[in-house]
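# Topology and contacts: notes
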Amino acid sequence: DLAYAYEKDGVLYVYGEVRECALFGKNLLLKRSYAITENSLSINDTLVNLDYTDTEYVLLYHVNYGYPFLDECLQLDIPATNSDPLTEIAKERKADMFRITAPIDGGAEDVYYHTLSKGQVRLTNPDKNVAVEMLYDVNDFPVTLQWKSMISGDYALGIEPSLTRFDQFKMQVLKANESKTYKIEINFQ
């Protein structure tokens, strides 16, 4: 697989390719590039169907935030127009889905499916004077999963732009020799 990196004008560019292919199966090429600055990360993916027939695929981008950024002072700004819990436990905790607690011993994770009015998720920790903002096109990523584990040792928050929900799993179709580009920007403040 092809991979390289270079720096230009204070930006680090990293590029790589990976293929998923099998006899009588898919022949997909993922071209990924990162542009990294002191305060930002841009992820640009182009998925190419190298096959002679249409191919199904699905993508989910799992971005984890943890301690020390993640603590009970973290404020979530997720512009959700609709939110659905994945599990019964998440249903019971839905009123607190945007609340971050201190780590707790034991318990279960919470997962929520969000439909967003715009692809702009912001996490701010005023006590640490830091923030991060994820930007993406909600037409490309119609579902944003919020994975939250307040469990000691697993203390993390995942923001996951996705093409589909797990409970209504729907594959996308890439026509023969077609390509599709996805982009996510992450800005740190």
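The preceding data block contains the structure.
No experiment lies behind these values; they were computed from the predicted model shown. (Residues numbered from 1 in each chain as written. Predicted model: local features only at pLDDT ≥ 70, side-chain atom pairs only at ≥ 80, totals over all residues. Heavy atoms only, no water.)

## Some details on the sheet that holds strand β8 (residues 80-85)
Sheets are built from strands paired through backbone hydrogen bonds, the pairs being either parallel or antiparallel. Rules: Each pair of strands is called paired provided DSSP finds at least two bridges between the two strands. The secondary structure listing takes helices from DSSP runs of H or I that are at least 4 residues long and strands from runs of E that are at least 2 residues long, numbered from the N terminus. Axes, fitted as lines to C-alpha atoms, cover a helix only where it is in contact. Angles between the N-to-C directions of the axes lie from 0 to 180 degrees.
The strand order across the open sheet formed by five strands is β6-β13-β12-β9-β8, and the pairing between neighbours is antiparallel. A strand with exactly one partner marks an edge of an open sheet, and here the two such strands are β6 (63-66) and β8. Shown here is a sheet whose adjacent strand axes are inclined to one another by a mean of 20 degrees, direction ignored. Strand direction decides the pairing type here: strand β12 (residues 143-149) and strand β13 (residues 156-162), joined by seven bridges, are antiparallel. Its bridge partner being in β13, Q146 is matched across the sheet by I159.

## A closer look at the packing of aromatic side chains
Heads up, the rule is: In this scheme Phe, Tyr and Trp rings, the latter by its six-membered ring, pair at centre separations within 6.5 Å, and the angle between planes marks the pair as stacked below 30 degrees, edge-to-face above 60, and tilted otherwise. Exposed residues in this analysis have more than 50% of their type's maximum accessible area, buried residues have under 20%, and partly exposed residues fall in between, with area computed by a 1.4 Å probe over protein chains only. Charges are assigned to positions over rings by a cutoff of 6 Å between ring centre and Lys NZ or Arg CZ, combined with an angular limit of 35 degrees from the ring normal.
Using the criterion set out here, one finds eight aromatic pairs in the structure. An angle of 75 degrees between the planes, with centres 6.3 Å apart, marks the rings of Y113 and F166 as edge-to-face. A residue pair is termed long-range when its members are at least 10 positions apart, and Y113 in strand β9 (residues 110-116) and F166 in the loop between β13 and β14 (172-174) qualify at 53 residues. Y113 sits in the buried class, given a relative accessible area of 2%. Given a relative accessible area of 44%, F166 falls into the partly exposed group. The interplanar angle of 90 degrees and the centroid separation of 5.7 Å between the aromatic rings of Y136 and F141 together place this pair among those described as edge-to-face. Taken individually, Y136 and F141 each receive the classification buried, so the pair is uniform in this respect. Here a set of aromatic residues connected by ring pairs shows up, and it is made of Y4, Y6, Y13 and Y15. Between K180 and the ring centre of Y182, over which it is positioned, the NZ or CZ distance is 5.4 Å.

## Some thoughts on unusual backbone geometry
The amide bond that connects Y67 to the next residue, P68, takes the cis arrangement and shows omega of 15 degrees. Examined against the element boundaries, P68 turns out to sit in the loop between β6 and β7 (75-77). One non-glycine residue, N177, lies in the positive phi region at around 60 degrees. Within the secondary structure, N177 sits in the loop between β14 and β15 (179-188). Note on N177: relative accessible area 56%, which makes it exposed.

## Observations regarding a nonpolar patch on the surface
For the record, the criterion: Note that patches include only residues with greater than 30% relative accessible area and no salt bridge, and the join distances are 9 Å for like charges and 5 Å for nonpolar side chains (Val, Leu, Ile, Met, Phe, Trp, Tyr). Calculation of accessible area relied on Shrake-Rupley with a 1.4 Å probe; when residues are assessed, cover is drawn exclusively from the protein chains displayed. One speaks of a salt bridge when a side-chain nitrogen belonging to Lys or Arg is within 4 Å of a carboxyl oxygen belonging to Asp or Glu.
A cluster of nonpolar side chains, namely V58, L60, L86, F166 and F169, defines an oily patch on the protein surface of about 400 Å² accessible area. Tracing the sequence through the fold places V58 in the loop between β5 (55-57) and β6.

## Overview of the pattern of salt bridges
Applying the stated criterion across every chain yields a total of eight salt bridges. The partner of D84 in a salt bridge is R165, with the nearest N and O atoms 2.8 Å apart. Highlighted residues: D84 in strand β8 and R165 in the loop between β13 and β14, separated in sequence by 81 residues. Here K183 and E185 are joined by a salt bridge, their closest N and O atoms 3.5 Å apart. We classify K183 as partly exposed; its relative accessible area is 39%. For E185, a relative accessible area of 30% corresponds to the partly exposed category. Within this structure, D84, R165 and D167 form a network of salt bridges that share partners.

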